[in-house]
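# Residue-level structural notes
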Amino acid sequence: MTDAIQRAAELLKEHRQSIDRLDAILVFTLAERFKHTQSVGKLKAEHDLPPSDPTREAAQIARLTDLAKEANLDPEFAKKFLNFIIQEVIQHHKQQQS
């Protein structure tokens, strides 16, 4: 193996280790977020509030779109990701109300 290929392999390994750490952070962050949304769902169920809050959801999407732009992340990707999360949360809230 040439020095250039060896160095490329080392860099690849370092990048993958960083990706693995970031994936773990994402998973634990999502778990923490869902703990809070479960509490919100419980409150909504106890007080007969609707599982969805379109005004809040629109504000969150706008806020995260701005953050994505600031972070040089594709805002459309951020929007899709947040919409996915919101739909999961709404499903959980609906289940809590059943």
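None of these values were measured; they are calculated from a predicted model. (Residues numbered from 1 in each chain as written. Predicted model: local features only at pLDDT ≥ 70, side-chain atom pairs only at ≥ 80, totals over all residues. Heavy atoms only, no water.)

### As for helix α1 (residues 3–46)
Taking 1.5 Å of rise per residue, 44 residues should cover 64 Å, and α1 covers 65 Å from first to last C-alpha, within 8% of that figure. Where α1 is buried, its residues contact α3 (75–97). Just past α1, the residue Asp48 takes up positive phi, approximately 55°. (Helix = DSSP H or I, 4+ residues; strand = E, 2+ residues; numbered from the N terminus. Expected span 1.5 Å × (residues − 1). Contact = heavy atoms within 4.5 Å.)

### Looking at the confidence of the model for the chain
When pLDDT is averaged along the chain, the result is 94; 100% of the residues meet or exceed 70. Across the chain, the secondary-structure element scoring lowest on mean pLDDT is α3, at 91, and the one scoring highest is α1, at 96. (pLDDT = per-residue confidence, 0-100.)

### A few points about helix α2 (residues 54–70)
For α2, which comprises 17 residues, the first-to-last C-alpha distance of 24 Å matches the rise-based estimate of 24 Å (1.5 Å per residue) to within 8%. Each element contacted by the buried residues of α2 is listed here: α3. Of the residues one or two after α2, Asn72 is the one with positive phi, at around 60°.

### Quick word on a nonpolar patch on the surface
On the surface, a cluster of nonpolar side chains totalling about 280 Å² of accessible area is made up of Leu73, Phe77 and Phe81. Inspection of the secondary structure puts Phe81 in helix α3. Among the residues examined, Phe81 registers a relative accessible area of 38% and is labelled partly exposed. (Patch = residues over 30% accessible without salt bridge, like charges linked within 9 Å, V, L, I, M, F, W, Y side chains within 5 Å. Areas by Shrake-Rupley, 256 points an atom, 1.4 Å probe, with all protein chains shown as cover. Salt bridge = Lys/Arg side-chain N within 4 Å of Asp/Glu carboxyl O. Buried < 20%, exposed > 50% of the residue type's maximum accessible area, 1.4 Å probe, protein only.)

### Considerations on the packing of aromatic side chains
For the structure on display, the rule yields 1 aromatic pair. Relative to Phe81, the ring of Phe77 lies with its centre 6.2 Å away and its plane at 15°, an arrangement referred to as stacked. Residue Phe77 and its partner Phe81 are located together in helix α3, separated by 4 residues, close to a single helical turn. For Phe77, a relative accessible area of 44% gives the class partly exposed. (Phe/Tyr/Trp six-rings, centres within 6.5 Å; stacked < 30°, edge-to-face > 60°.)

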